[in-house]
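# Summary of the model geometry
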Amino acid sequence: MKIVLALAFLGHILCGVCDCLLSYSPGGRIDLASVLKDAKKMREEFKALPLSWPMASILLGVAAITMFGFGYLELSKWMGTFSHTASTIMYISSIVFLIPIVVHHIICGLVEWLYVRLGRTDEARTVALEFQKKTIATMFVGYLGLAVFLVTLFIMVVTGRTSLPQWACIVNTLPLMAVLALTKFPAKGNIAGAVMYLGLLMLI
């Protein structure tokens, strides 16, 4: 099990790098909130972005999600020792998280790649943003699955129904994200996920 947890830790680290490939250009961090509102700002922000960056993010991101996916499935199996119901909920929510989120990651990279490849024109912007909006459900469904998984894990640990000490409930992406939300770190979700799996690797 420890090997799988270590793989999940590395997967989240790699996925964080992939997120940075989408949120940074050689000129620095891309202000996504601004570029979505201003076509001129978007052209400038993506002017220096190499096409290889979103493509690398897509390909490496699929590998990264596959890597940490094993961790979520392994934790679901481990939970079966303590509660069949919790284990089933975690297993199903893992699937609901992993499949849509890999699709969402591919879409995010594809949107940036297409926008730059098509010359950063207004038409390219319209098409790229329309495509992203019409597929945004993949993100909502994926993160709903993740939330159910994490809440189930948190409840099981904090109520003392696992072999972990109750304080270990903080080794969970949800409370970790609450702390990271106060920072300007990129890829907060993957940092939280990496910390969770590193903590569980040392505790289980």
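Everything below is about the structure printed above this text.
Cut-offs applied
Residues numbered from 1 in each chain as written. Predicted model: local features only at pLDDT ≥ 70, side-chain atom pairs only at ≥ 80, totals over all residues. Heavy atoms only, no water. 1 Å grid on protein atoms, 1.4 Å probe; cavity = no way out; pocket = protein on both sides within 12 Å on 5 of 7 lines; lining within 4 Å. Points joined across faces, edges and corners; volume = space filled by probe spheres on them. Helix = DSSP H or I, 4+ residues; strand = E, 2+ residues; numbered from the N terminus. Core = buried A, V, L, I, M, F, W, Y, C linked by side-chain atoms within 4.5 Å. Buried < 20%, exposed > 50% of the residue type's maximum accessible area, 1.4 Å probe, protein only. Contact = heavy atoms within 4.5 Å. Axes fitted to C-alpha atoms, helices over the stretch in contact; angles between N-to-C directions. Parallel < 35°, antiparallel > 145°, perpendicular 65-115°, else oblique. Left-handed = near helix turned anticlockwise from the far one by under 90°. Nonpolar A, V, L, I, M, F, W, Y, C, P; charged D, E, K, R; others polar.

Taken as a whole and judged by the stated rule, the model has one cavity of 30 Å³ or more. Here the largest cavity is characterised by a volume of approximately 40 Å³. Around the largest cavity, the lining residues are Leu153, Phe154, Val157, Leu164, Ala168, Cys169, Val171, Asn172 and Leu200. With three residues, the top contributor of residues to the lining of the largest cavity is helix H7 (residues 137-158).

On to the nonpolar core. Grouped together as the largest cluster of nonpolar side chains are 30 residues, with contacts concentrated most on Phe68, Tyr72, Leu75, Leu153 and Met196. Put simply, the parts of the chain that give this core at least two residues each are helix H1 (2-23), helix H4 (52-79), helix H5 (84-117), H7 and helix H9 (188-203). For this core, the element with the most residues is H4, which contributes seven residues. The residues contacting Met196, other than those within four sequence positions of it, are Tyr72, Leu75, Leu150, Leu153, Val171, Asn172, Thr173 and Leu176. Of all hydrophobic cores here, the second largest spans twelve residues; its members include Ile30, Val35, Met42 and Val116.

Here we come to the packing of H1 against H9. Where H1 contacts H9, the axes come no closer than 8 Å and their chain directions differ by 165°. Comparing the axis directions of H1 and H9 gives the class roughly antiparallel. The handedness of the crossing between H1 and H9 is left-handed. Listed contacts from H9 to Lys2, Leu5, Ala6, Ala8, Phe9, His12, Ile13, Cys15, Gly16 and Asp19 of H1 are Asn190, Gly193, Ala194, Tyr197, Leu198, Leu200 and Leu201. Classifying every residue of the contact of H1 with H9 gives eleven nonpolar, four polar and two charged.

In short, geometric facts, not functional conclusions.
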